[in-house]
Amino acid sequence: MKKVLFATTALVATAGVAAADVTFGGYGRFGLYYQEDAANETTITSRFRLQIDATAESDAGVTFGARVRMQQDNDDPIDTGDVAADGFSPSGTFRGDRVSTGMNGVRFFARAGGLEVGVGNIFGALESMPGQYPIDLGLTGLGYEYTAYNFRGAAYDSDEGGSAGLGGVEVIYTYGDFTVHASFDKTDSVAGDGNLDGDRAAIYGAYAWNGWTFALGLQDSDVDTDTEVTASVSGDIGPANVTLAYADNGTDGDHWVLAGRFDVGASTNIEAYVADADYFDEESYGIDFNHSLGGGTSLRGGIVKYSSGTTAADLGVRFNF
Amino acid sequence: MKKVLFATTALVATAGVAAADVTFGGYGRFGLYYQEDAANETTITSRFRLQIDATAESDAGVTFGARVRMQQDNDDPIDTGDVAADGFSPSGTFRGDRVSTGMNGVRFFARAGGLEVGVGNIFGALESMPGQYPIDLGLTGLGYEYTAYNFRGAAYDSDEGGSAGLGGVEVIYTYGDFTVHASFDKTDSVAGDGNLDGDRAAIYGAYAWNGWTFALGLQDSDVDTDTEVTASVSGDIGPANVTLAYADNGTDGDHWVLAGRFDVGASTNIEAYVADADYFDEESYGIDFNHSLGGGTSLRGGIVKYSSGTTAADLGVRFNF
Amino acid sequence: MKKVLFATTALVATAGVAAADVTFGGYGRFGLYYQEDAANETTITSRFRLQIDATAESDAGVTFGARVRMQQDNDDPIDTGDVAADGFSPSGTFRGDRVSTGMNGVRFFARAGGLEVGVGNIFGALESMPGQYPIDLGLTGLGYEYTAYNFRGAAYDSDEGGSAGLGGVEVIYTYGDFTVHASFDKTDSVAGDGNLDGDRAAIYGAYAWNGWTFALGLQDSDVDTDTEVTASVSGDIGPANVTLAYADNGTDGDHWVLAGRFDVGASTNIEAYVADADYFDEESYGIDFNHSLGGGTSLRGGIVKYSSGTTAADLGVRFNF
């Protein structure tokens, strides 16, 4: 006999009532991924993500909780020996490191009012900063070269423990239109010596004003190529939501991103970006569409020219549950 | 505090209403397994299967979904080093490849009306064809020598990604009494060379007529011992449901199965089969009983003489949840 | 869309009604762990435990079920290569054997009236005996030197299959104030020879009388250092719940424990113990507090002097869901 979980949040306890709950959600997506000049240019791509959020609320209104993900991708043929040999994967392959695996690193938190403390597989300050994900291109993200800080800092990891398998600590505080988020973790700054000798501390502040969001992030890291400064501004210009983001990515230099989202009908939008960085071979740009099919399902596709000069595209369906 | 999932499907959204849901079901079974002349003839056998079905339905009535299993068996002492050494496993052992593992390969699908497209860890056309599983012998299946196509084609894998870890693509179409199912996947046809150089395409058609089901399956595979043709007919003769199945299993030759199920009381049935194949040492036959205890629980047991001449038996309890 | 599991048990089918259910519960905890003279004295400790209980009830009232845990700790820096090199783990590390792992060994059971039979990853008789866990010190348990039988017998394993990866069999019978629990499993008594040549059978009986509980456990094991006899008595003396426990741990000799729990206010209690054993360097003792924050959340902390002479302490939050 199957069990049905109610597709509603109306039953979540109201504020002030102590409650303990575990919720299951997530999404699936599948479709085609094309990459120019790959041994196999067109492959099937898919992801299944089950997210478990477990919480309990104290009498005083503090919510304690944990977030865990169980995820499986098959969008990386490189990880399967059989396929690597001839690069031939017409039907896509399940990543060897993800089939038959379980939970990712857990993020624990305590939250009350506008304050949240996180421990473990933390979100990371720069990763969470407004303007770093101005768009979500196509079905699969298509390289994320429109993320200015370029993952050069602590970040939540859906497959592993986050930040090289190590946990971190973070504090997030929201007061009205102002948000500040600070995170700290350790890094393996000298590759291969097995010593966690590096520190990494990051902070961002963001302010929402008249429909515009301004954000500034700073990071002090023992890794030379980690982001040092990043800033973004985003807001609506007519029918478009536009973001301009910049990052000083340490010894790798500057990274600029201009991205926008445009509604083209009641259930369709188009996203586009152009990005350049000192460590890019050439400019990176891309465009996509997202068409809602209703009920949490959507048709998505995009095309991108990576900074390497390679063209890639994807097309498929995503469903949230 | 425990969370209770409702044991009902009455709450699933009715047709036409967009919905997103994740359901948990599965079964557990445990009991004794006996195999003649094994180093340890009688062992404890058990399986726990948790099946996760996540779906979302578009406004137009297309259901997108994913199926995942998390399963653990302890019916194979060979996989545990400690036990293999002396073959002694009085209490059964948990399979090393299944303890502490997580999800199997995901099957994604899109379904509307009578049409379904599947991607990833596909069911497989021949595996799904009527008449291939005419019975389910005993507690554990007892060797499945009554499955004529003999797993010589793509098949859903509850532990791994299916079809050697690779995904496939399939289309299932049902129109009234007629069903057709086509699947395609890649095979590693030259063992050990690491190249997915083989193609495998299969299709079956089935027709239900006056209480009888006729099915014909065809497969074109680069694996010499894969099934080429298989056919089955099944229906009721008096109190018995009887199936006759045949498969031409490539260079391994013919495989014949005659199987039946007989109700012997309100809550008990008996199943039996006889099978022969060119690659059997001798005829294979077996008999079992299934006694419902109500509430999704049952007592099951069977005895079989494998084609190798070895006798095996099992007895235990299964509960669905 | 998230799914909400109801935080209530009121919906469990009443006795006599056949039902099949799967429930999800568990707890999370996180905080700080201090250990004197460790390479990194203060680390972050955390655990996430998701417990899955799947059951079905026959018409005759027999409940068949399975218990599975999915658990992740980050309290053991030794298991991560990177950290082992310099022992430096300021933010705690996720255990390599637990990140990306899934289910532990499954315990199957059949239960009717006061009788329960368990198979697989069994609880174990001595592990379940009253008085073996008189207290649960601090946030993390802090060494469990107050457990007299000292894990020298079969025990449920939240991470693995239990009892060296092998399953066992156990019978539990409760009749009024009397409980008896017998378990049997195999042991690898000669380390490294790969043979499961050892037997281990244990039994305890417990009797509740006038607010006091008396328990006696016996074990016959081929492992020399396994417990042979253990006994405990526990009950209330004024505002305190006090336990005295003893174990004859085979060739390792005697183990004595005196422990107590004292309520100090409506939502706070204090636990303390003193223990000594022939295999201790010196006496072991510790004290903790548990302060309920309501809604299944609590603040916990403790300090202990291990039998090795090392001092350790922890402090943090636990939330049940």
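Residues numbered from 1 in each chain as written. Chains lettered and ligands numbered in written order. Predicted model: local features only at pLDDT ≥ 70, side-chain atom pairs only at ≥ 80, totals over all residues. Heavy atoms only, no water.

Asker: Help me understand the overall build of chain A, please; the structure alone is not making it clear to me.
Answerer: Within chain A, the regular secondary structure consists of two helices and 17 strands. Classification of the 321 residues of chain A by burial places 55% in the buried group. When the accessible surface of chain A is split by element, carbon and sulfur atoms take 56% of a total near 12100 Å². (Helix = DSSP H or I, 4+ residues; strand = E, 2+ residues; numbered from the N terminus. Buried < 20%, exposed > 50% of the residue type's maximum accessible area, 1.4 Å probe, protein only. Areas by Shrake-Rupley, 256 points an atom, 1.4 Å probe, with all protein chains shown as cover.)

Asker: What am I meant to see in the packing of aromatic side chains here?
Answerer: Given two aromatic rings, one states the distance between the centres and the angle between the planes to describe the pair. According to the stated counting rule, one finds 41 aromatic pairs over all chains in the structure shown. The ring of Tyr-279 of chain A has Arg-152 of chain A sitting right over it, with the charged end atom 4.3 Å from the ring centre. The ring centre of Phe-123 of chain B lies 3.8 Å from the NZ or CZ of Arg-107 of chain B, which sits over that ring. (Phe/Tyr/Trp six-rings, centres within 6.5 Å; stacked < 30°, edge-to-face > 60°. Lys NZ or Arg CZ within 6 Å of the ring centre and 35° of its normal.)

Asker: I tried to follow the pattern of salt bridges on my own but got confused; where do I start?
Answerer: Two side chains that carry opposite charge are able to pair once their charged atoms sit near each other. Residue and element names in this part refer to chain A. Enumeration according to the criterion identifies 30 salt bridges over all chains in this entry. Between Glu-116 and Arg-111 there is a salt bridge, with its nearest N and O atoms 3.4 Å apart. For Arg-111, a relative accessible area of 34% gives the class partly exposed. The salt bridge involving Asp-226 is made with Arg-200; its shortest N-O contact spans 3.1 Å. Of this pair, Asp-226 sits in the loop between strand E10 (212-221) and strand E11 (229-237) while Arg-200 is found in strand E9 (residues 198-209), placing the two residues 26 residues apart along the sequence. Neither residue differs from the other here; Asp-226 and Arg-200 are each classed as buried. Each of Arg-107, Arg-111, Glu-116 and Glu-170 takes part in salt bridges that share partners, so that together they form one network. (Salt bridge = Lys/Arg side-chain N within 4 Å of Asp/Glu carboxyl O.)

Asker: Teacher, can you tell me more about the confidence of the model for chain A here?
Answerer: For residues with low pLDDT, the predicted coordinates do not support detailed interpretation. Residue and element names in this part refer to chain A. Put simply, chain A has an average pLDDT of 84, and 80% of its residues get 70 or more. Below a pLDDT of 50 lies the segment residues 1-18, which in the model reaches 65 contacts outside its immediate sequence neighbourhood of four places, other chains included. Predicted confidence for residues 76-101 stays below pLDDT 50, and this span has 86 contacts to residues more than four positions away or in other chains. Across the whole predicted complex the pTM is 0.87, and at the interface the ipTM reaches 0.85. (pLDDT = per-residue confidence, 0-100. Contact = heavy atoms within 4.5 Å.)

Asker: What should I look at first to understand the pairing of strand E4 (residues 63-73) of chain C in this one?
Answerer: Every regular strand shows the same layout, with side chains that alternate between the two sheet faces. Summarising burial for E4 of chain C: 10 of the 11 residues are buried, a large majority. Following strand E3 (residues 42-57) of chain C, the chain reverses through five residues before pairing antiparallel with E4 of chain C; Gly-61 of chain C in that reversal takes a positive phi of roughly 90°. (Pairing = 2+ DSSP bridges.)

Asker: In this structure, what is going on with the side chain of Thr-243 of chain A? I would like to understand it.
Answerer: Looking at the element boundaries, Thr-243 of chain A is found in strand E12 (residues 240-248). A relative accessible area of 3% places Thr-243 of chain A in the buried class.

Asker: Can you walk me through the environment of Trp-212 of chain B in this structure?
Answerer: Residue and element names in this part refer to chain B. Following the sequence through the fold, Trp-212 ends up in strand E10 (residues 212-221). Relative accessible area serves as the criterion here: at 28%, Trp-212 is assigned to the partly exposed category. Distance in space between the C-alpha atoms of Trp-212 and Asn-269 is 20 Å, their sequence separation being 57 residues. Non-local contacts of Trp-212, meaning those with residues more than four positions away in its chain, are made with Tyr-207, Val-233, Ser-234, Gly-235, Asp-236 and Ile-237.

Asker: What's the story with unusual backbone geometry in this structure? I'm lost.
Answerer: Where the residue is not glycine, phi is negative for most of them; where a peptide bond is considered, it is trans in most cases. Residue and element names in this part refer to chain C. Of note in the backbone geometry, Asp-37 takes a positive phi value of approximately 65° without being a glycine. Even without glycine at this site, Phe-151 takes up a positive phi of about 60°. Along the polypeptide, Phe-151 turns up in the loop between helix H2 (125-128) and strand E7 (168-175).

Asker: Can you walk me through the environment of Gln-219 of chain B in this structure?
Answerer: Residues and elements named next belong to chain B. In this structure, Gln-219 sits in strand E10. Take Gln-219: its relative accessible area is 9%, and that puts it in the buried class. Sequence separation between Gln-219 and Ala-112 is 107 residues; the distance between their C-alpha atoms is 26 Å. Non-local contacts of Gln-219, meaning those with residues more than four positions away in its chain, are made with Leu-126, Arg-152, Gly-153, Ala-154, Arg-200, Ala-201, Ala-202, Asp-226, Thr-227 and Glu-228. Looking at Gln-219, its side chain comes within polar contact range of the main-chain oxygen of Arg-152, at 2.9 Å. (Polar contact = N/O pair within 3.5 Å; in protein donor to acceptor, adjacent residues only side chain to side chain.)

Asker: Please clarify how the environment of Arg-69 of chain A should be interpreted in this entry.
Answerer: Residues and elements named next belong to chain A. Along the chain, Arg-69 turns up in strand E4 (residues 63-73). Judged by relative accessible area, which is 12%, Arg-69 ranks as buried. Along the sequence, Arg-69 and Leu-50 sit 19 residues apart, while their C-alpha atoms lie 5.7 Å from each other. Engagement of the side chain of Arg-69 in a polar contact is seen with the side chain of Gln-51, the distance being 2.7 Å. Here the side chain of Arg-69 touches Ser-158 through a polar contact of 2.7 Å, side chain to side chain.

Asker: Please explain a nonpolar patch on the surface as it appears in this structure.
Answerer: All names here are of chain C. Together, Leu-115, Val-117, Val-169, Val-171, Tyr-173, Tyr-175, Phe-178, Tyr-207, Trp-209 and Phe-214 make up an exposed nonpolar region whose accessible area comes to about 910 Å². At the level of secondary structure, the elements contributing two or more residues to the nonpolar patch comprise strand E6 (115-120), E7 and strand E9 (198-209). If you tally residues by element for the nonpolar patch, the top one is E7, at four residues. Residue classification places Tyr-207 among the partly exposed residues on the basis of a relative accessible area of 39%. (Patch = residues over 30% accessible without salt bridge, like charges linked within 9 Å, V, L, I, M, F, W, Y side chains within 5 Å.)

Asker: Help me understand the pairing of E9 of chain A, please; the structure alone is not making it clear to me.
Answerer: Residue and element names in this part refer to chain A. Pairing geometry for strand E8 (residues 178-187) and E9, over 10 bridges, is antiparallel. Within the sheet, the bridge partner assigned to Phe-178 lies in E9 and is Tyr-207. Sheet topology places E9 next to E10; 10 bridges connect them, and they run antiparallel. Opposite Arg-200, over in E10, you have Ser-221 as the bridge partner.

Asker: So what exactly am I meant to see when it comes to the side chain of Arg-107 of chain C here?
Answerer: Residues and elements named next belong to chain C. Residue placement: Arg-107 occurs in strand E5 (residues 107-112). On the accessibility criterion, Arg-107 (2% relative accessible area) is buried. At a separation of 2.8 Å, a polar atom in the side chain of Arg-107 contacts the side chain of Glu-116. Ignoring any residue separated from it by four or fewer positions in sequence, one finds Arg-107 in contact with Gly-65, Ala-66, Arg-67, Glu-116, Gly-118, Val-119, Asn-121, Ile-122, Phe-123, Tyr-156, Glu-170 and Ile-172.

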